[in-house]
Amino acid sequence: MFFNTKNKLIKEIIECGKLCGEKNYTPGCSGNISARYREGMLITTSGSSNSFLKKEYVTYTDFNGNSLEKGKKPSSEKFLHIEVYKKRKDVNYIIHVHSPYLSSFAASGKDLTEPVMAESVFYLGKIPLAKYALPSSKELVENTIVYFDKYDVVLMENHGVIAVAQTMEEAYLKLEVAEVYAQTVLNSYILGGPKVLSHDEEQAILSLRG
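The text that follows walks through the structure, step by step, so that each part is easy to find. Predicted model, so just to flag it, every value in this text is computed and none were measured. Throughout, residues of each chain are indexed from 1 in the direction in which the sequence is written. Reporting in this predicted model follows two pLDDT cut-offs: at least 70 for local features of residues, and 80 or more for side-chain atom pairs to be given and counted; totals over whole chains, interfaces and linings ignore these cut-offs and use all residues. Remark: hydrogens and water are excluded; side-chain values derive from all non-hydrogen atoms of the structure.

Within the chain one finds seven helices and seven strands. With the radius of gyration taken over C-alpha atoms, the globule rule is written as 2.2 Å times the number of residues to the power 0.38. Relative to the globule expectation of 17 Å for 210 residues, the C-alpha radius of gyration of the chain, 17 Å, shows essentially globular dimensions. The long-range fraction of contacts in the chain, counting pairs at least 24 apart against all pairs at least 6 apart in sequence, stands at 63%. Working definition: helices are DSSP H or I runs of at least four residues, strands are E runs of at least two. Numbering for both runs from the N terminus. We call two residues contacting when some pair of their heavy atoms lies within 4.5 Å.

Below is the structure:
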C-alpha cells in the first residue's frame, strides 16, 4: 500500500464512488469510501456525494480522526474506518454505502447468515448484522467493529452496509456480490422462501477455497 501514490488512491476512490452511484448503491450524499495511506487514510469528506467525487472531496486523515489538509472535514463515519484499519492489517480499502437491497435487510433487522447461494457462501461466507446505534457515534463503531474479526461485509441495523478488502476492486466486488445476494434472497420469498443449504453442503463449498 505504501507504494501507491496519493493521487492513485484518490483516483481509485473517485472511480469507485462513481461506480457505486451508477449502481444506485449510494444515493444522495450517503456513504463514504476510504483507502489506507501512510500513517492514516484517505477518506471522503463530510457531506460529499460519492457519485460526484472530485479530488478536493477526499482528505488525508490521521488515525486520531484529524484531517491533515486545511479546510477539509473528513466523513463523520471516520472512526469506524479507523478502527477497521487498526483491527485488520490486511484491509486497505473500505466502502460504506446504503444500497437498497442490503439496506432492506438492515432496516428489517435481518442478517444474511443462512447459506442460500453457493457463490455468496464461497466469496463472502456469512453477512452478519451489527446492532443499531446512532450514525457516527462511538457506540456504532463498537457494535460494528466486533464482526470484522471474521467477516468482510457487515450490515448495520437501520443504516446500511460496510465492505472491506485488500484492494478497491475486491471491496467493490464483495459489495456487488452481497447486494445481488440480498436481492436474490428477497425475491425468493415471493416464490415461497429460500432453500437453505445444509451444513455439509455449506462446508463443501467453503472447502473449495483451498
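That covers the picture; the talk isn't over yet.
The subject of this paragraph is the packing of aromatic side chains. Centre distance within 6.5 Å is the pairing criterion for rings of Phe, Tyr and Trp, where only the six-membered ring of Trp is used; planes under 30 degrees apart are then read as stacked, over 60 as edge-to-face, and the remainder as tilted. Counted by the stated rule, this structure contains four aromatic pairs. Centroid distance phenylalanine 63 to tyrosine 85: 6.2 Å. Interplanar angle 20°. Geometry classified as stacked. Placement of phenylalanine 63 in the loop between β3 (58-62) and α2 (78-87) and of tyrosine 85 in helix α2 is noted, with a sequence separation of 22 residues between them. Exposure remark for tyrosine 85: the relative accessible area of 0% places this residue in the buried category. Residues phenylalanine 122 and tyrosine 123 carry aromatic rings whose centres are separated by 5.0 Å and whose planes lie at 90° to one another, so their mutual orientation is edge-to-face. Categorising residues by exposure relies on relative accessible area from a 1.4 Å probe, with only protein chains included: less than 20% of the type maximum marks a residue as buried, more than 50% marks it as exposed, and the intermediate range marks it as partly exposed. Residue tyrosine 123 is classed as exposed on the basis of its relative accessible area of 52%.

Only one rule defines a salt bridge in this text: a Lys or Arg side-chain nitrogen within 4 Å of an Asp or Glu carboxyl oxygen. Per the counting criterion, the structure on display carries nine salt bridges. For the salt bridge of glutamate 176 with lysine 23, the shortest nitrogen-to-oxygen distance reads 2.4 Å. With glutamate 176 in helix α6 (residues 168-188) and lysine 23 in the loop between α1 (6-22) and β1 (32-37), the pair connects residues that are 153 residues apart, well separated along the chain. Of the charged contacts, one joins lysine 86 and glutamate 83 as a salt bridge, the two residues approaching to 3.8 Å between their closest N and O atoms. Highlighted residues: lysine 86 and glutamate 83, both in helix α2, separated by three residues, approximately one helical turn. For lysine 86, a relative accessible area of 39% gives the class partly exposed. The partly exposed category is assigned to glutamate 83, whose relative accessible area is 29%. Through salt bridges with shared partners, a single network forms among Arg88, Asp90, Asp152 and Lys174.

A separate point is the sheet that holds strand β6 (residues 153-156). Each pair of strands is called paired provided DSSP finds at least two bridges between the two strands. Taken in spatial order, the seven strands of this open sheet run β3-β2-β1-β4-β7-β6-β5, and their pairing is mixed. Pairing within the sheet leaves two strands with one partner each, and these edge strands are β3 and β5 (129-130). Sheet topology places β5 next to β6; two bridges connect them, and they run parallel. Each bridged residue has a counterpart across the sheet, and for alanine 130 the counterpart in β6 is methionine 156. Angles run from 0 to 180 degrees between N-to-C directions of axes, and those axes are lines fitted to C-alpha atoms, restricted for helices to the stretch in contact. Along the sheet face, α1 touches β1, β2 (40-44), β3 and β4 (93-97) and points at about 160° away from the line of β1.

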